[in-house]
Amino acid sequence: MLHWPDSSFTYMTGDNILFSNDAFGQHYATRLMYNDLVDQAELYQEALKYYANILTPFSPLVTKKIQEVLSLNLPVDIIAPSHGVIWRDNPAQIIHKYLEWADSYQENQITIVYDTMWNSTKRLAEAIAEGIKEADSSVAVKLFNVGLSDKNDVITEIFKSKAFLVGSSTINRGILSGAASIIEMIAGLGFKNKKAAAFGSYGWSGEAVGIIESRLKEAKLEVIEPGLKVLWNPDDEGYAKGVEFGKAFCSRI
Ligand SMILES: Cc1cc2nc3c(=O)[nH]c(=O)nc-3n(C[C@H](O)[C@H](O)[C@H](O)COP(=O)(O)O)c2cc1C
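My aim in this report is to walk through the structure given alongside it, one point at a time. (Residues numbered from 1 in each chain as written. Predicted model: local features only at pLDDT ≥ 70, side-chain atom pairs only at ≥ 80, totals over all residues. Heavy atoms only, no water.)

## Let's talk about the site of the ligand
Stage number 1. Taken together, 18 residues form the shell around the ligand, and within it T116, M117, T121, S169 and S201 come nearest.
Stage number 2. T170 has a polar backbone atom sitting 2.7 Å from an oxygen atom of the ligand.
Stage number 3. G203 is positioned such that a nitrogen or oxygen atom in its backbone is 3.2 Å from a nitrogen atom of the ligand.
Stage number 4. Bound to the protein, the ligand loses 87% of the 650 Å² it would expose on its own.
Stage number 5. Sorting the residues of the shell around the ligand by element identifies α4 (120–135), β7 (170–171) and β9 (195–202) as the ones contributing at least two each.
Stage number 6. Residue composition of the shell around the ligand, grouped by class: 6 nonpolar, 11 polar and 1 charged. (Near = heavy atom within 4 Å. Polar contact = N/O pair within 3.5 Å; in protein donor to acceptor, adjacent residues only side chain to side chain. Areas by Shrake-Rupley, 256 points an atom, 1.4 Å probe, with all protein chains shown as cover. Helix = DSSP H or I, 4+ residues; strand = E, 2+ residues; numbered from the N terminus. Nonpolar A, V, L, I, M, F, W, Y, C, P; charged D, E, K, R; others polar.)

## Focus: the pairing of strand β11 (residues 228–231)
Stage number 1. Of the two faces of β11, the one holding L228 and V230 is buried and the one holding K229 and L231 is not buried anywhere.
Stage number 2. Bridge count between β9 and β11: 4 bridges; the pairing is parallel. Bridged to S201 within β11 is V230. (Buried < 20%, exposed > 50% of the residue type's maximum accessible area, 1.4 Å probe, protein only. Pairing = 2+ DSSP bridges.)

## Details of unusual backbone geometry
Stage number 1. For the peptide bond that leads from L2 to H3, omega is 0°, which places it in the cis range.
Stage number 2. Assignment of secondary structure puts H3 in the segment before β1 (10–12).
Stage number 3. A cis amide bond links E225 with the next residue in sequence, P226, at an omega value of -5°.
Stage number 4. Counting through the fold element by element, P226 comes out in the loop between β10 (222–223) and β11.
Stage number 5. At M33, a residue that is not glycine, the phi angle is positive and equals roughly 70°.
Stage number 6. Checked against the element boundaries, M33 lands in the loop between β2 (17–21) and α1 (40–55).
Stage number 7. Judged by its relative accessible area of 43%, M33 is partly exposed.
Stage number 8. Backbone geometry at N119 places phi at a positive 75°, although glycine is not the residue there.
Stage number 9. For N119, the location among the structural elements is in the loop between β4 (109–115) and α4.

Structure, rendered in structure tokens:
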């Protein structure tokens, strides 16, 4: 099941090649073919993006399968996945990365994703980011407007985070479609060991924050409540509430 029912590893004796199917792969097209020939930062990002978006739900199986393969004590000179570059220079590096990524991986990062019509919720996101930085300048804070970002890049950043926030304004007593779609992806991937919170601007009834919180809880994430609701476009007082909320969120991680 890494990540398809008929996925299987094949090992070629003599040449010591592990044909790993989808495991250790990347959605990375290059005529250079081998891991030592490409930009290392780009390759790392593509391998991580692949893991975060495709393999996260199977993390317990990743650990089990790698332990099983390691226990065979086979020499592995090359790992050849079914797509992406071939690992010929220190192929063990990607095996060790997979063991780290499969083990509730997180960095000292908080990601803030939001959807917005007229940037009121964006302004709140910026205020929250400022508050987090004031509370802990060592934490990396990343902001994404989900409507303007590659959703797989957003998921990769959430994968790297110890906590994340989802923001949406209220529309027709619901949430904006970009926020709904990223929550659906988060729920499907089954992230573990991440704290979360909701925020958003509203005009009169303000259901969005409650809806985001209940969907995140359904996805079994630890939601820090109450979320932040601010009426219309935040004025100085609304912005200050965002900064305080960011500080308080950071202190509860
Ligand atoms: C089509 C439409 C429907 C809306 N429906 C609601 C609603 O049901 N309840 C509410 O509290 N606000 C509603 N609003 C108001 C927005 O939530 C409010 O303008 C908010 O400040 C927009 O924030 P944003 O710029 O981050 O999108 C609606 C706005 C629009 C344009």
